[in-house]
Amino acid sequence: MTQIVLKVNPEYEKLVPPLTTAEYNALKESIKTEGQQLPIIINQDFEILDGHHRNKACLELDIEPDFEVKHFEDKLSERLFVVEANLRRRQLNALDAVALSLEAERIIGLRAKQKKEASRNDFGIFEKPVSSIEQNGIVNETIHAREIAAEKAGVSETTFHRAKTILEKGSPELQEKVREGKTSIAHAYNVITTQENHKNPKPIPQGTFNVIYADPPWQYDLQKRGSTLGHYKDLSVEDICTTFKPKVAEDAILFLWATNPKLEEALQVMQAWGFTYKTNLVWVKDKIGTGYYFRGQHELLLVGIKGSIGVPEEHTRPPSVLHSPRNEHSQKPNEVYKLIESMYPNREYLELFARNNREGWTSWGNEV
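Rules used in this analysis
Along every chain, residues carry numbers that run from 1 in the direction the sequence is written. A pLDDT threshold of at least 70 governs which residues receive local features in this predicted model, and a stricter bar of 80 or more applies before side-chain atom pairs are shown or counted, although totals over entire chains, interfaces and linings include all residues. To get the side-chain values, all heavy atoms of the structure are used, and hydrogens and water are removed first. By the criteria applied, helices consist of DSSP H or I runs no shorter than four residues and strands consist of E runs no shorter than two, each listed in order from the N terminus. Expected helix span is given by 1.5 Å per residue-to-residue step, counting one fewer step than there are residues. Categorising residues by exposure relies on relative accessible area from a 1.4 Å probe, with only protein chains included: less than 20% of the type maximum marks a residue as buried, more than 50% marks it as exposed, and the intermediate range marks it as partly exposed. Two strands qualify as a pair provided that DSSP identifies no fewer than 2 bridges between them. By construction, the arc corresponds to the directions joining the helix axis to the C-beta atoms. Axes here refer to lines fitted to C-alpha atoms; in helices the fit is confined to the stretch in contact. Angles between the N-to-C directions go from 0 to 180 degrees. Whether two residues touch is decided by their heavy atoms; if any such pair falls within 4.5 Å, the residues are in contact.

Observations regarding helix α2 (residues 21–34)
Because an α-helix packs 3.6 residues into every turn, residues spaced three or four apart end up facing the same way.
No. 1: Between its first and last C-alpha, α2 extends 20 Å over 14 residues, near the 20 Å set by a 1.5 Å rise per residue.
No. 2: One or two positions beyond α2, positive phi appears at G35, with a value near 85 degrees.

Remarks on the pairing of strand β5 (residues 252–258)
Walk down a regular strand and you will see the side chains alternate between the two sheet faces.
No. 1: The element β5 is largely enclosed, with a buried count of seven among its seven residues.
No. 2: The alternating pattern of β5 places A252, L254, L256 and A258 and I253, F255 and W257 on opposite faces, both of which are buried.
No. 3: Bridge count between strand β4 (residues 211–214) and β5: four bridges; the pairing is parallel. Bridging from a neighbouring strand, I212 pairs with L254 of β5.
No. 4: Where β5 meets strand β7 (residues 298–306), seven bridges bridge the pair, whose relative direction is antiparallel. Within the sheet, the bridge partner assigned to A258 lies in β7 and is L300.

A few points about unusual backbone geometry
No. 1: Its identity as a non-glycine residue notwithstanding, D62 has a phi of 60 degrees, on the positive side.
No. 2: In this structure, D62 sits in the loop between α3 (52–61) and β3 (67–69).
No. 3: Given the relative accessible area of 65%, D62 is considered exposed.
No. 4: Phi is positive for F353, close to 60 degrees, though the residue is something other than glycine.
No. 5: For F353, the location among the structural elements is in the loop between β9 (349–352) and β10 (361–364).
No. 6: Residue F353 is classed as buried on the basis of its relative accessible area, which comes to 14%.

Looking at helix α8 (residues 172–179)
No. 1: Of the positions making up α8, those classed as buried are L174, Q175 and V178. Taken down its axis, α8 places every buried residue within 100 degrees of arc, on the same side. Residues P172 and E173 are exposed on α8 and point more than 90 degrees away from its buried face.
No. 2: Of the residues trailing α8, G181 is marked for its positive phi of about 75 degrees.

Some words on the sheet that holds strand β1 (residues 40–42)
No. 1: Ordered by their spatial adjacency, three strands build an open sheet running β2-β1-β3, and the pairing between neighbours is mixed. Taken across any chain shown, the strands that pair with only one partner, and hence form the sheet edges, are β2 (48–50) and β3. Here the strands of the sheet are splayed against their neighbours by 40 degrees on average, with no regard to which way each runs.
No. 2: Bridge count between β1 and β3: three bridges; the pairing is parallel. What sits directly across from I41, in β3, is E68.
No. 3: Contacts from helix α4 (residues 75–87) reach β1 and β2 within the one sheet, and its direction differs from that of β2 by about 45 degrees.

Describing the sheet that holds β7
No. 1: Taken in spatial order, the seven strands line up as β8-β6-β7-β5-β4-β9-β10 in an open sheet, and their pairing is mixed. The sheet terminates laterally at β8 (321–323) and β10, the two strands that pair on one side only. When strand polarity is set aside, the average angle formed by the axes of neighbouring strands in this sheet is 20 degrees.
No. 2: Helix α11 (residues 263–272) contacts β5, β6 (276–284) and β7 of the sheet and is inclined by roughly 20 degrees relative to β7.

Pasting the structure below:
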């Protein structure tokens, strides 16, 4: 009996995340000793849709592969099956998962467009009225594309955004380092954004801001464990004092984060921006960090004023010590926003070096 030879579609094969040598050898040994547990999925043209590694192992072991033929209404549906089959793989890294989810989003968008165009005649007019159910089907399919992109990858929205940026703008070498686990998605993303911001820096918002909140990326002379590398581009005190000096109202208050080794430089920045130091709040973290003399477990939020901003009402003055868990690298407690808004309500708020947008605030930074 003639053995059926399954075909490899190069486009589909490129979508398959490669196994490591150890993983492939384990799969091959399993097929050798226990037999092929899952069938290879093929189309009617004998092209492999799911099971490229199983097919390769069977060929090397001289075993006739077990397969199952699957039929689809069109090529887009077939390709979507291939993408979603690969999205379910346990060994999938986050970057490849996002790449596949973006491909799924693209395919579903094309299918929605085809459905819409199929209901038009040569003159671009609908040959029959499009019912609300059909319209909802098209809209729902488009929404489903977004859901696949956000959820099928199995990562957070922040990681998804960063991985998408790496795939769109990162070099092949940088992408490969992420896939191999030699660098993190956060590091690679910030390498790209740092390069872009260096070429095309975002202008600092100008206006009559009277409450300024800033978390500068301080530059350290020596590299240390847990450094800022890969999270943002660190800046010299000269750059922070001049290039990133905000234009604010005559009467204003500044809340400025300072790490313990950078206290002196933070006071320089405060003075260069036109503020006079008044006091500080201590943020005590639940985890101990790094340090050459003491291992840091707190940061300082310095307060400085310009002009006659006035002091907050007595009942809105918080304690000078804030106990709050440490989150992602450099991320400050969200409670501080509420604290500032309570002390100085209904003001013109500006956040510099922001990581997120906040309603009612003007936010400036690499990640917003």
